[in-house]
Structure formats: structure tokens, C-alpha cells
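These are the residues of each chain, in order.
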Number of protein chains: 2
Amino acid sequence: MPLQPVLIGGEWRHAHATGSFRSVNPADGTPFPEEFPVSGWPDCDAALSAAVAAAAGLAAMPRERIAQFLTRFAERLETNAAELAETAHGETGLPKAPRFTEVELPRTVNQLRQAAAAALDGSWSLPTIDSKINLRSCLAAIGPVVVIGPNNFPFAYSGAAGGDFAAAIASGNPVIAKGHPLHPRTIRLLAREAQGAVGDAGLPASTVQLLYHMEPDSGIRLVSDPRIGATAFTGSRGAGLAIKAAADAAGKPVYLELSSVNPVVVLPGAVAERGPKIAEEFAGSCLLGGGQFCTNPGFVVLFARAATEDLIEQARKRFEAVTPPPLLSSGVARSLAESVQALRAAGAQLVTGGSPVPPPGFRYANTLLRVTGERFLAAPETLQTEAFGSAALLVTVRDAREAAAVLGALHGNLTGSIYSDSRGGDDALYGQLAPLLRERVGRLLNDKMPTGVAVSPAMNHGGPYPATGHPGFTAVGMPASLRRFAKLQCYDNVRAERLPVPLRDKNPNGRMWRLVDGQWTQRDVGA
Amino acid sequence: MPLQPVLIGGEWRHAHATGSFRSVNPADGTPFPEEFPVSGWPDCDAALSAAVAAAAGLAAMPRERIAQFLTRFAERLETNAAELAETAHGETGLPKAPRFTEVELPRTVNQLRQAAAAALDGSWSLPTIDSKINLRSCLAAIGPVVVIGPNNFPFAYSGAAGGDFAAAIASGNPVIAKGHPLHPRTIRLLAREAQGAVGDAGLPASTVQLLYHMEPDSGIRLVSDPRIGATAFTGSRGAGLAIKAAADAAGKPVYLELSSVNPVVVLPGAVAERGPKIAEEFAGSCLLGGGQFCTNPGFVVLFARAATEDLIEQARKRFEAVTPPPLLSSGVARSLAESVQALRAAGAQLVTGGSPVPPPGFRYANTLLRVTGERFLAAPETLQTEAFGSAALLVTVRDAREAAAVLGALHGNLTGSIYSDSRGGDDALYGQLAPLLRERVGRLLNDKMPTGVAVSPAMNHGGPYPATGHPGFTAVGMPASLRRFAKLQCYDNVRAERLPVPLRDKNPNGRMWRLVDGQWTQRDVGA
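Definitions and cut-offs
Residues numbered from 1 in each chain as written. Chains lettered and ligands numbered in written order. Predicted model: local features only at pLDDT ≥ 70, side-chain atom pairs only at ≥ 80, totals over all residues. Heavy atoms only, no water. Contact = heavy atoms within 4.5 Å. Buried area = accessible area lost by both parts, 1.4 Å probe. Salt bridge = Lys/Arg side-chain N within 4 Å of Asp/Glu carboxyl O. Helix = DSSP H or I, 4+ residues; strand = E, 2+ residues; numbered from the N terminus. Pairing = 2+ DSSP bridges. Axes fitted to C-alpha atoms, helices over the stretch in contact; angles between N-to-C directions. Least-squares fit on C-alpha atoms with pLDDT ≥ 70 in both. Polar contact = N/O pair within 3.5 Å; in protein donor to acceptor, adjacent residues only side chain to side chain.

Turning to the interface of chain A and chain B, a few remarks are in order. Note on interface size: it is often stated as the accessible area lost on association of the parts. If you look at the interface, chain A gives 62 residues, while chain B gives 62 residues. Taken together, the two surfaces of chain A and chain B that pack against each other cover about 5,100 Å², and 52% of this comes from carbon and sulfur. When residues of chain A are sorted by the area they lose upon contact with chain B, Leu-488, Arg-498 and Trp-520 of chain A head the list and together hold 12% of the total. For Arg-443 of chain A, the salt bridge identified is with Asp-492 of chain B, shortest N-O distance 2.6 Å. Secondary structure elements with two or more residues in the side of chain A that touches chain B: strand S5 (128-130), strand S6 (135-141), helix H8 (237-249), helix H14 (427-438), strand S20 (441-446), strand S21 (486-492) and strand S23 (519-521) of chain A. With seven residues, the single largest contributor to the side of chain A that touches chain B is S21 of chain A.

The next subject is the sheet that holds strand S13 (residues 299-303) of chain A. The strand order across the open sheet built from twelve strands is S14(A)-S17(A)-S18(A)-S13(A)-S12(A)-S19(A)-S20(A)-S21(B)-S6(B)-S5(B)-S22(B)-S23(B), with neighbouring strands paired in mixed fashion. Edge strands, defined here as strands with exactly one partner in the open sheet, are strand S14 (349-352) of chain A together with strand S23 (519-521) of chain B. Here the strands of the sheet are splayed against their neighbours by 25 degrees on average, with no regard to which way each runs. Pairing between S14 of chain A and strand S17 (residues 367-372) of chain A: three bridges, direction antiparallel. Looking at the pairing, Gln-349 of chain A lines up with Arg-370 of chain A of S17 of chain A. Where helix H10 (residues 306-321) of chain A meets the sheet, its contacts fall on S13, S14, S17 and strand S18 (391-397) of chain A, and the angle it forms with S17 of chain A comes to roughly 155 degrees.

What follows concerns the relation of the copies chain A and chain B. Rotating chain A by 180 degrees about the axis while translating it 0.0 Å along that axis superimposes it on chain B, leaving an RMSD of 0.0 Å. The transformation relating the two chain copies, once decomposed into turn and shift, fits a two-fold axis. In terms of C-alpha distance to the rotation axis, chain A has Asp-248 of chain A as its closest residue, with the C-alpha 3.3 Å off the axis. Interface residue correspondence from chain A to chain B reaches 100%, placing this contact among same-surface, isologous pairings.

With that out of the way, let us pick up the side chain of Ser-285 of chain B. Residues and elements named next belong to chain B. Mapped onto the fold, Ser-285 is located in helix H9 (residues 268-287). Polar contacts involving the side chain of Ser-285 include one to the side chain of Thr-451, which spans 2.7 Å. Beyond its immediate chain neighbours, meaning those up to four positions away, Ser-285 contacts Asn-296, Pro-297, Met-449, Pro-450 and Thr-451.

With that settled, consider the sheet that holds strand S19 (residues 413-419) of chain B. Pairing in this open sheet of twelve strands is mixed, and the strands run S23(A)-S22(A)-S5(A)-S6(A)-S21(A)-S20(B)-S19(B)-S12(B)-S13(B)-S18(B)-S17(B)-S14(B) from one edge to the other. With one partner strand each, in any of the chains shown, S23 of chain A together with strand S14 (349-352) of chain B form the two edges of the open sheet. Adjacent strand axes in the sheet meet at a mean angle of 25 degrees when their direction is disregarded. Sheet topology places S21 of chain A next to strand S20 (residues 441-446) of chain B; three bridges connect them, and they run parallel. Residue pairing for S20 of chain B: Tyr-491 of chain A is matched across the bridge by Leu-444 of chain B. Against the sheet, helix H11 (residues 330-345) of chain B makes contact with S14, strand S17 (367-372) and strand S18 (391-397) of chain B, and its axis sits at roughly 20 degrees relative to S17 of chain B, the strand it touches most.

Here's what the structure looks like:
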């Protein structure tokens, strides 16, 4: 069977392949028929050159056209929702409904529409004008963006349709999407619709390009090539840090979203007040989607009390009552088994699970482990290993001091939650522990599990290293996520007619927020 | 003579020194008497631990106190202006007036006052509230900041008083200042006044700490230590890239301001219209302060015409008419001679200068070199070597195509200028060349030389790699420069009384700009 073509320079063309691969239905292990190429460097090189031309073309276009592309793409995804959900279901084992048709596709479409609105509005670029000295600046497109998507969100984080893609396009950049090898058939459909929307909106032909896969060496070369502007990567820590090292050495911005155990602290008053409800929330969040979320609650700090044992017992029952779904791949199942083994070797004890589940599908038992705070503190590095899947480590601490030590030993995470009672009984403890958790997470929650990342201007889907590569940026939420893919451009004494539209005296759309002479305003300069 | 003490933990204490050094008066080469320590790792380690405590203390303080510190520090610098100018003059050879008393000290004081205003106002942190889902976020202090200042601005970029210092403090962080070995006596005075202002405002004792110098290994370890938040560095490319590599590998944000040749393009119509005036402006800018500015115009693109030869001749006369001042150090003089030699070896021809000037002082003749566009394009890497000092390379191009090729071969720079005629004769050329220059510089100027960096909200003192490490940030200008030293913190469903003040429903000062439900406003939430 011939290799599937890649999308370069506006055309589906033969790949310069160094190998090939097929995707597999994780529910039964059978491969799909199509052979997809592992692209060699000539494909990357051609995509880069085409992207440079597209970047220049985009820079000369009114941003209405970019918004139109994003809107048309969203509409096309809605039109093709059934085919998309079916295909993604086949490659991931995740249910068509509610997961794809009711949650992930609507979210993806919503992100694209929010990005369109942000592009049209233009306020994301923080236009700043000092009229007295005719000095003006704003953020502007950074150049071609490589977007490398993860295994667990074939739509919402896809290199060819997800949040990074939407943000990179909305800020004016062409995207070179790198697919995830688990779902090439899905991203092929996304790229097909993106390409259609490029035509609908009349954007440069190479605004969206797709390479399904590549050798690590070519990937490293791609993210450090002088022609790119930036890279966005969502995935494993190992691959992400290799990409970061290469991009950093080349002076290229790189935005990572890596692993996270998402600590949850349940204070004693909360356990006493509503232990069973918290056990239920925790199990629901941890078991959702086979636990294959970057915000999966995988690390729970509990105070050693009798009521805590009840909570653990209730969680155990819930973990055992739910049939484990097929995981995304044999690799995910193997990695989960290895992580659980590492946690056990470091002293964690099994509460339930801890073993593979027989086929069909790559399955692993829903797994709860526990360890004392004292034991955790003897091996804090290993015992905060992410076990990607429906697995969590419960850490029982003796007192506030031990809880503080445990939190103090945590690496950077995307999220951290604290449950406390509603009558103020936990407030003193909260006051002691919240600052420690705050420093280690991007999003601090109260009385809430971390799964479910709202696409809101106020979201931070980011956090301290090594959860990401820079704690100042978020991968989700407009307009902030657009600012990752931008450079600051200043105009000093530049003649009025030569200024970019957002920096002219006249507000280009009457609603763009600009910092004019120290005041945020939607008015014209001098008005 | 005993070693001068370092400022650690709020006290001037004995250094754990691995060596010592003295500063030198560059006007006559005589050393000053004080011996300053080269700190070993124990000093860095102690400063880091103290800074962590200070960071926690600052986080718990109202931002009014931080503003008060910055204001008091500014006042103290004004009070001590004569002593400061005298000391800096002694260590740099730069004139007390106008350079220090009329330009650099007022600018430094102005930066501190602008930082105080930004801290008080709070809008810099981009508070963002989604009231419907009670999701709130803002930028917050990143943690202890290491500020490493350059040789050429003993005040305005000093680790203990300059723009990076002011921005890091205003965003709520303690600073570990690393002095430049050329002017330890000056930074000692700055740290003394900073320490006094820390007392005046009641900030944590370790808010400002000072190490005069350290071995490279300790510096590398310092910027990659888990206890720091970020590093700001202004200086040479070699040292800066070593620091960047270490910080990157540790996942620590690092902001660099490195070398830049600041290309100036003079279009033919401008030469015909006002060649002598442009020659004058160029010579004035290039010779200012011995040319020892990061925005010194060191690379001029001219079209090969008879009138251009007149302009070059006028510039030559001006370069020869001005007596070269003492350079900052023997190292600067040596490096300038080496750079000029490298340019000549790559094919540049001397127009004037090109040799050391006899003592007293470390002097080098004002130097103009020239090369054709064709020759430049044969060795573009070497021929864009920065010659730090009063030296510039003139590149004469045949036509627009060659000009475009020259600009296309340039690395990232802080600034780029284009001079064009006032009647539209150069507009077509401008349209061809400006986009090429725009991509390669942080600040694009029209009809203006790049020296003089206004401290304005609209300034970008930054640019593409390798002028800096990230093109999205500026080192000068409030409020944007504060955002380098911040992490994004999100609060999801956090109870009202636990929110940081800027994210509560009530606008804390009635003038903080916040993005509430998609609109920038100074009002309370719900008002």
C-alpha cells in the first residue's frame, strides 16, 4: 500500500519517508490499513521554506481573513463531527459520545471561535502608544510555529486544530503541525478541513502544513531551525526536555506542557464534614477518560485520621466498581505499569489495582496506592512519578508540619487543589499550606478536582518547571495564550502612514484596547 | 588591606572569597585602593537562602511598601548624586557632567519612580477575572532575581539600581545584585543607599543583596539554582550565552541583553536631501560616550552614489575632529582593536582610525570602515561583528536587491533605523527594505539614530536572538519590563477572602486596570 501523502506547501504530496507506521485500534489491538510516513529532513525543510513564505503572506493580510479562516475551520469541524468522532474513537478507544461529540469537539470548535474573536479584536497584542514622543509598540507574529500535539487529545490539543494551533494562527503565524503517531487518521481529517478553510478564507496555501511523524533527529533540527519562530509541545517530559534543549540552544522560544501529578490536599475538617462526597469527586476525576489527562489528580495528601481511612475505603470501592477502559496504546499501558512498579519499589503500598487487565484492549486496573508522609519524604523524587492513567498515590501525613514538608518537596505542577471545611475549622491549616502549594502550581483550586480546563481568559494551563518550560505563560485561554507566539515590535518616530494598523492614531475597529499615554482605552489617539 | 564586605542577609559581612580585585581609573590606569572579593559559592548560597526568606516576606506585604522603597531609594540617589557621580567618573572615565549628573542618574531615578508607580498601580500584572465561573488569574512575583549588570552603565543598568533591578523589585522580588568588576566602588554606594531605603520602607532585610564578583562556575551555579526565580543579564554575548545555557537547562527564565550592531539604512533620497545633516547625526550618535552603548549605530547601509561619498567624507571629518575619550577599561580597548582587526581581515577598508591612541587612558581612535555590499555578502558573519566603541562599518550597496540581501543576512538586533527623504522619493525602497529590517530588530526607527532609550511604556529595548534570548520581552519601559519577573497564577473557585487583593471583587485602588469578563475596566466586579 502506498504511503499516505503529507501536506506541504498547500499540496498533499509524496513524503520523503525514512520509515512508515500504522495506527492501531486500542480496543482490540488491530491495526488500521493505511501506512503513514515517517518524514525525513527534506520534508521538514520543504515545510519550513513554505512556512516562511506563508508568514510573509499572512503579515500582509487583514486580520479579518485570519478570523475568517478560524471560523470556517470551526464550521467545517462541526459539519464533519460524525466522521471525526468515529475516526478518533477508532484510534484512541475513547467513546464517541459523550467524549468526542459532546465534550472535546465542542471545546475544540469553541477554542477556534474564541481565537477568531481574539484575532479580530486585536487587544491581545497589547498595543501601547506614547503619543508625546511618537513611540509605539505591540506584539506581532513571531514566525512559523511548530505545534506538536499529545496522545490524549486528538482534537483539543491537536497540532492541526487544538489550542496551540488556534493561538499560533490567531497571532498571525503559519503552523507546521506534527501529528501524534497514535492517531494519524484523525489528524489527516483535521488537516483536510484546515486546508479547506485556508482556501475558503484565501490565506496563503502553506498556512497549515502537516507531517505525521519524523525521526527524533529531524524533530530536534526542526525546532531549532533559523526559519521557525517558536515551538509548542504537549507530551512526555523526556521528549519535551529534549526539544526544549534544542530550541533553547538555538535561541528559539519553546512552550511545553509536560507531566504533572496535580496534588490534592484534603484537610481534616473537610474529611469530617463531607468525606464520602470528596471520595466520590476524587474517584470521578481520577477515573475520567481512563485517567489520561494532564490534570488528572494523581497525588492526594490526607491527614492520618480514622475518617480518612473511611474516605480511602470509599475511594477503593469506586476504583474497583468502574471497569477500566482501554488505554490509548500498549505504550501507555506499559508506562503505567512501570510507574506503578516504581512507586511500589519506593515504598508505596497497593490499596487496589496494580496489575494489567486481560485483553481485549490495552487495559490496566484502576490503581490506588498509599504511603505515609514519612516514607514519602525518604524518596520524594520517585514518589512523585506521574503514573499516566487511572492511578493515584495517597500520602497520609501526621500533622501540618509533615504536610508542609511533603508540599515543599513537590516539583512544579499544572494544578493543586485544597479541600477545606465550610465552617472555618480548616482555615488555619489552609493558611499554612496554601502558600506552599501556590508556589508549586499554575492553578490553585478550592474544593474542586482539577480535571476540566475551562477555555476562559482567566485560565492558566501552565505552571512552574518542569510542568512547563516558563511559568509566565498559559497554553489555554484567550487572549493570553496568543502572546506566546509573538515578538514585541516597537516603532520609534515612524511616519504615520507606515505604522501597522493597530498602532495608528485611529483605533482600527473601535474596540481594540490600547494603552495610550498610560491609560487603557478603546478611543482614537487624541480623541 | 582587608577585603570589602559583601551585603548578604541585610548585613555587610566578610566574604568567602576565592580571590580579590581592584578597580582602575581608566583615564590614567591607576588602581583604586580598596580590595573587593571574588565571592565563592558559600556567599552565593547564603544570599540565595536569605533571598528565599525575603521573597516570602515581600509576598506578605502591601505593595505600597515596595513602592515606598523604590521612591526612597530614588530620593537617596538624588541626595547622594555628587558622591555617586564622582565615584562612577573615577571608575569609568565617563564625565561627571553631563553624563552622570544630567543624564544617567536622572534616568535611573526616573526608572525607580516609574517602577514605584507601576507597583502601586498594579495594572502591570494583567489581573483577569471570569466572574461567571469564579476563575481569576494574574501575574505574581517569580522569586529571587539575579541581576547582572554591564560595564557601560554604572547606574541605569546596575544590578543594584538599574532598570532590571527596578522591574524585579516592583514585581515583588528580592534581588541578588552581581556587580560589574569595573566599578565595585560605585555599586557599593548604590547598595548602601538601597539598604538604607530597605530600612526606611521596612522591607525584609534581604530584599537587596550584593556580591561584587564571582568565579564563572559560581555564577553558572547561581543562575541555575532551584531557589532563584529568574536572571537578568546585560553584557557580552559569550558570557550571556553561557548563563542562558545554564539557566535554560535548569528551567529558569533568563533575560539577556547582548550585543547589537544596530543597522542604519540611509536611502538615496535622504542622502540627496540632507546628507550633511545625516552625517552629523550619525557621527554624534556613534561617538557619544566613546560609542560604548548597546544601541550604538555600528553598521550603516548606504547606496553607492557620488552624494554618498560626500556623506562618508563628512563623517570621516567628524570622526577625526573628536578626541577619543578614555574607554571603560583596557579590556574594552583590546576588544575594540580585535574587532576592528577582524573586520579588516574580512575585507573592510579603513576610512579613518583603526589604531590605539597613546596613554593616558585606554584610548582607541574613532574608527570608520567601509565595505561593498558584495564583499559583505561574502563574509556576513564576521562583517557584522560588534566593535564596541566608537567604530562603525559602512556598507555601500549597488541597488535595492543588494541592500535586501545585506539586511537579509543580519542577525537579530536591538534597533534598526531607516532614513528616507521627506517628499516620498524613497517610499518604494522603504516599502521593500523596511519589512526585512523589521523582522530583525526590536525597535524600528525612522529618520533617527538609535542612541537614547526613552523610559516609556511603549519602548522595546529587546529584539530577536541573539540580541536577546526571547523576542517577546523588553528590558526598558514600565509596565512591560516587570512582566519578565513574574509567573502566572490562577485561582479556580478559591474562596473570596483567600484571593490575593488584586483579584477580589473590589478594585483595590480604584485605578488598577483589570480584564473582567472580557472588558478592561477599573471598576469593581459586578459594579
